[in-house]
Amino acid sequence: MDKDLTSMTQLMYDYATASHLTLKEAKVKLHADAYLRTAAETLARYCGVSISNPDVLRKKVTGLLCESDPSAKKDSVDRKVRNWINDGIQYISKDSALQLAFALHLPINDADEMLQRLCGERFHWRDPEDIIWLFALDHGMSYSDARALSDRLLPVYEQRAEEAAPPSKEDAKVPEKMTSNIMPRVMQIQEEKELEAFLKENAPNLGKLHNTAFGLFQDYMNLLKSSHMEDMLPDERKMPASEIAVTYLFNNLIPRAKKSKKGPSMCQLVKDVIQKDIQQNWPDEFALSRMENREIDVSRKALILLFLATDGGDSAYGNDGGYFQYEDESDAYPSTPEAVFADVNRRLNDMLIGSGFPPLDSRVPFDWMMLYCMVADDSIFIDENISRFLSSVFSAPPVQKDE
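These remarks concern the structure in this document. (Residues numbered from 1 in each chain as written. Predicted model: local features only at pLDDT ≥ 70, side-chain atom pairs only at ≥ 80, totals over all residues. Heavy atoms only, no water.)

1. Thoughts on the overall build of the protein
Turning to step 1, where the next piece is worked out: Broken down by element type, the protein carries 20 helices and zero strands.
Turning to step 2, where the next piece is worked out: Considering only intrachain contacts with a sequence separation of at least 6, the fraction spanning at least 24 residues in the protein is 67%. (Helix = DSSP H or I, 4+ residues; strand = E, 2+ residues; numbered from the N terminus. Contact = heavy atoms within 4.5 Å.)

Right under this line is the structure:
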């Protein structure tokens, strides 16, 4: 467990990974004791204000936002911050989080962590806009100057990106090297002219979509579509996204918004914050198809679920024995629930970090559920744990797979 985790985070982690908890006990524990990390808590931490002094915190945050954007109306900003603190929300907009990072003069690592906590994402080193923000932070620029710099340079990048040929399919298969090369080069840039030249030169290889995540997403989807999985489909039939969403991503257990004259819609059945966090942006067949076609970015939830469905597949994050070699009883493969959990947790977090996503956080209900379900005698039983947990949380009967 990371040393910088708070005691509450550690406590929730311990609850999630306690192998003695039954499913019923886990559900009760999550609903009764889950202490969700709120935006107010994160704001208090980085502003150096006690969470027990909400008025002091509100004035501090309002002052920082107004300082970073002198054109903003103080009453409007104060009202927005009051809502953040009093409503117990978990996330705020990325732009607001960036404003605070600049106003607090945070170094890049701290700003990256604060963004993760306040808006659920980190800096993306291949996103041209994030590259500009990173340059501005590293050089002590104000938020207003950074915004002006972005307004000047983004059109230059966009024009060059339109003119440039897209990267080849072979180049797209090695996005990890691309990102690792970009990071040190960005940190070496000292002047605006250098930054502009960098954006022009690298336009074909930059973008808002996570290429590493997309490469893994493709590998996992192709593995699930193939005839080599446990379903033993005929060679000529590939599993469509709709079946993958139900069979491996448990889409049929997730309440969806549907209009009905006979009763409340499914979305009305999702009443509490635990259910909402688990349900929010759960990937269905349409989302999977749009991700495959690169119409939208690969989501963190989709990547986590696909990783667990394939145990990392043949990627660098797969288990050492290979997905189809459990039967060899290799001593190298974990043999106890504790060892299985430690192995899967390590590989999953390595994959998330390598793909530009935050690692599992026990203060997030969806992540807590994943941690709980990853405690298993073997990784092949994790999907059954997820199915039972979702059925319990949303009060739906578990779906039995065909033998």
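On we go from here.
2. Observations concerning helix α3 (residues 39-47)
Turning to step 1, where the next piece is worked out: Counting buried positions along α3 yields seven of nine residues, so the element is predominantly enclosed.
Turning to step 2, where the next piece is worked out: Against the buried residues of α3 lie α4 (54-68), α5 (74-86), α6 (94-103) and α7 (108-119).
Turning to step 3, where the next piece is worked out: Where α3 ends, the next residue or the one after it, G48, has phi of about 70°, a positive value. (Buried < 20%, exposed > 50% of the residue type's maximum accessible area, 1.4 Å probe, protein only.)

3. Here's the deal with the packing of aromatic side chains
Turning to step 1, where the next piece is worked out: Across all of its chains, the model carries nine aromatic pairs by this definition.
Turning to step 2, where the next piece is worked out: Centroid distance W133 to Y143: 5.7 Å. Interplanar angle 5°. Geometry classified as stacked. Within this pair, whereas W133 is found in helix α8 (residues 128-138), its partner Y143 is found in helix α9 (residues 143-163), the two being separated by 10 residues in sequence. Like Y143, W133 is buried.
Turning to step 3, where the next piece is worked out: Among the aromatic residues, ring-to-ring pairing joins F102, W133 and Y143 into one connected group.
Turning to step 4, where the next piece is worked out: The ring of F214 is capped by R294, whose NZ or CZ atom sits 4.0 Å from the centre of that ring.
Turning to step 5, where the next piece is worked out: The lysine or arginine in question, K301, covers the ring of F366, its NZ or CZ lying 5.0 Å from the ring centre. (Phe/Tyr/Trp six-rings, centres within 6.5 Å; stacked < 30°, edge-to-face > 60°. Lys NZ or Arg CZ within 6 Å of the ring centre and 35° of its normal.)

4. What about the packing of α8 against helix α12 (residues 192-201)?
Turning to step 1, where the next piece is worked out: Contact geometry of α8 with α12 gives a least axis separation of 11 Å together with a crossing angle of 160°. In terms of orientation, α8 and α12 fall into the roughly antiparallel class. Seen from above, α8 lies across α12 with right-handed handedness. Here P128, I131, I132 and F135 of α8 lie close against α12, whose contacting residues are E192, L195, F198 and L199.
Turning to step 2, where the next piece is worked out: For the contact of α8 with α12, a count of residues per class yields seven nonpolar, no polar and one charged. (Axes fitted to C-alpha atoms, helices over the stretch in contact; angles between N-to-C directions. Parallel < 35°, antiparallel > 145°, perpendicular 65-115°, else oblique. Left-handed = near helix turned anticlockwise from the far one by under 90°. Nonpolar A, V, L, I, M, F, W, Y, C, P; charged D, E, K, R; others polar.)

5. Re the side chain of S150
Turning to step 1, where the next piece is worked out: Tracing the backbone through its elements, the reader meets S150 in helix α9.
Turning to step 2, where the next piece is worked out: For S150, the contacting residues outside a window of four places in its chain are E129, I132 and P155.

6. A word on α9
Turning to step 1, where the next piece is worked out: Counted at 1.5 Å a residue, the expected span for α9 with its 21 residues is 30 Å, and the 30 Å between its end C-alpha atoms agrees.
Turning to step 2, where the next piece is worked out: Along α9, the helix axis deviates most sharply at L153, where the bend reaches about 25°; the proline P155 sits within four residues downstream. (Expected span 1.5 Å × (residues − 1). Bend = angle between axes of the 7 residues up to and from the residue.)

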